[in-house]
Amino acid sequence: GSPAKRLAVSNSGAEGFEVDPIAYAGGVRMIAYNRASASYIPARWEASQHEINISGVERARFDSSGNLGIGTASPTARLHVEGNARINGSLVVTGPCCGPDYVFAPGFKIASIEENAAYMWKNRHLPAVGPARTTEDGRGAVNVFSQANGMLEELEKAHIYIERLNGEIKVLKAEAEARDAVFARELAELKALLKK
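Let us look at the structure shown here. Just so we're clear, the structure is a prediction, and the values are computed from it rather than from any experiment.

1. Remarks on the pattern of salt bridges
Overall, the coordinates contain nine salt bridges when judged by the stated rule. Arg44 serves as the salt-bridge partner of Glu46, at 2.7 Å between the closest nitrogen and oxygen. Judged by its relative accessible area of 61%, Glu46 falls in the exposed class. Lys157 is the partner of Glu154 in a salt bridge, and the nearest nitrogen-oxygen pair spans 3.4 Å. Taken together, the residues span about one helical turn, with Glu154 and Lys157 both in helix α2 (residues 144-195) at a distance of three residues. Using a relative accessible area of 8% as the deciding quantity, one classes Glu154 as buried. Relative accessible area serves as the criterion here: at 9%, Lys157 is assigned to the buried category.

2. Some thoughts on the side chain of Asn34
One can find Asn34 in strand β3 (residues 29-34). There is a polar contact of 2.9 Å between the side chain of Asn34 and the backbone nitrogen of Ala36. Non-local contacts of Asn34, meaning those with residues more than four positions away in its chain, are made with Ala14, Glu15, Ser39 and Ile41.

Rules of the game
- Residues numbered from 1 in each chain as written.
- Predicted model: local features only at pLDDT ≥ 70, side-chain atom pairs only at ≥ 80, totals over all residues.
- Heavy atoms only, no water.
- Salt bridge = Lys/Arg side-chain N within 4 Å of Asp/Glu carboxyl O.
- Buried < 20%, exposed > 50% of the residue type's maximum accessible area, 1.4 Å probe, protein only.
- Helix = DSSP H or I, 4+ residues; strand = E, 2+ residues; numbered from the N terminus.
- Polar contact = N/O pair within 3.5 Å; in protein donor to acceptor, adjacent residues only side chain to side chain.
- Contact = heavy atoms within 4.5 Å.

Given below as structure tokens:
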């Protein structure tokens, strides 16, 4: 047939892989395209691992386990970023990481305020949050999901403490108002006696 690009490998002029050094300004465009239907098609690259190099320097790698490393040639997680990361949008996480509403369950035992305070000052962290951690080279390390879960648990327990304290304050306020009423009545009676 008549290839549409400088290099075209196709199935009888239909599905194929094309390299076009002209269409992309300052670079080379590689496309998976079906010339018969004039549409882009899926592409599949197979190798033991994939490296992405920019100007001769490796910038990203898919390893043989399917882990993607950005800024590292040895990714240890499904996504391993060495350096800063930025998300413009929402980050949605599924799984057992978040939602400690179990603190509201009838059988859940919440430490008293005194017990919680004693633990906090002795261990220098909140019970559900855990201590600060560092890597081998001294950098701070945080498991964002477990930390968020712990902080939310502590927040929910704090609201339970607030509700309990509010109840105690209402009782104390009612008792104080009752005493004030008794005092006011007795004072009025005393004043009446003094006028006689």
